[in-house]
Amino acid sequence: MSTTPEPHMAGVTVRDMTLGDVPAVGALEHKLFPIDAWPVQMFLDELSQPETRRYLVAETTDGIVGYAGLMCIEPIADIQTIAVVPDYEGRGIGSRLLTQLIAEARHRGAADVLLEVRADNPRAQQLYVRFGFEQIHIRPRYYRDGVDALIMRLQLAAPETDGHQATEAGRQ
């Protein structure tokens, strides 16, 4: 995986989350999602399952400023979490994390990527729509404070065949 920053993400590196990152990620989780924060043990449990999970962090010289995770059990991938520190929003970090999770889902053979997003979070919803996600369901009062969750899905295209092979097959 490339860790070279994109021009609009100067100074930001995206890499795989490690066990050493969990205390900082846990602190961010509680700051960003005080009502629905995952316990630190949940991140540890997720990282212990690399056969079906992949977690990333975005970091700067200030430390970890974003994180995201994916669970994939064919044919479904589920974005478990994605978060960016408010001071770093609008810099393409969420897009980069989401791009890498979708690529991971494809790599693992998923046909669909699902996620839940708060109905009162239009910024996140707009990000997902830009990536081709569509709302397929609502889970009423899903979050602890009673807010609905919108269930969104991205259908992944079937793997493209090599153009040369397709041409050869057409000649037979």
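Rules used in this analysis
Residues numbered from 1 in each chain as written. Predicted model: local features only at pLDDT ≥ 70, side-chain atom pairs only at ≥ 80, totals over all residues. Heavy atoms only, no water. pLDDT = per-residue confidence, 0-100. Helix = DSSP H or I, 4+ residues; strand = E, 2+ residues; numbered from the N terminus. Contact = heavy atoms within 4.5 Å. Phe/Tyr/Trp six-rings, centres within 6.5 Å; stacked < 30°, edge-to-face > 60°. Buried < 20%, exposed > 50% of the residue type's maximum accessible area, 1.4 Å probe, protein only. Lys NZ or Arg CZ within 6 Å of the ring centre and 35° of its normal. Core = buried A, V, L, I, M, F, W, Y, C linked by side-chain atoms within 4.5 Å.

A. Local environment of the confidence of the model for the protein. Looking at the protein as a whole, its pLDDT mean stands at 89, while 85% of the residues score no less than 70. When the elements of the protein are averaged for pLDDT, helix α5 (residues 163-171) gives the smallest value, 41, and strand β7 (residues 149-155) the largest, 98. Within the model, the stretch residues 1-7 combines pLDDT values under 50 with 19 contacts to residues more than four positions away or in other chains. A low-confidence stretch, residues 161-172 (pLDDT under 50), is modelled with one contact involving residues beyond four sequence positions or located in other chains.

B. Examining the packing of aromatic side chains more closely. Tallied over the full model, the rule gives four aromatic pairs. An angle of 85° between the planes, with centres 5.9 Å apart, marks the rings of Phe-43 and Tyr-67 as edge-to-face. One end of the pair, Phe-43, is in helix α2 (residues 40-47); the other, Tyr-67, is in strand β3 (residues 63-73), and 24 residues separate them in sequence. Residues Phe-43 and Tyr-67 agree in their burial class; the two are buried. Between Tyr-142 and Tyr-143 the ring centres are 5.0 Å apart and the planes differ by 90°, which places this aromatic pair in the edge-to-face class. Overall, Tyr-142 belongs to the partly exposed group, its relative accessible area being 40%. We classify Tyr-143 as buried; its relative accessible area is 14%. An aromatic cluster of at least three residues, connected via ring pairs, comprises Trp-38, Phe-43 and Tyr-67. Looking at Arg-118, its charged tip hangs above the ring of Tyr-143, at a distance of 5.0 Å from the centre.

C. Structural view of the nonpolar core. In terms of nonpolar packing, the biggest core is built from 44 residues, with Tyr-128 and Phe-133 touching the most fellow members. Filtering out sequence-adjacent residues up to four positions away, Tyr-128 remains in contact with Ile-82, Leu-98, Leu-115, Val-117, Phe-133 and Met-152.

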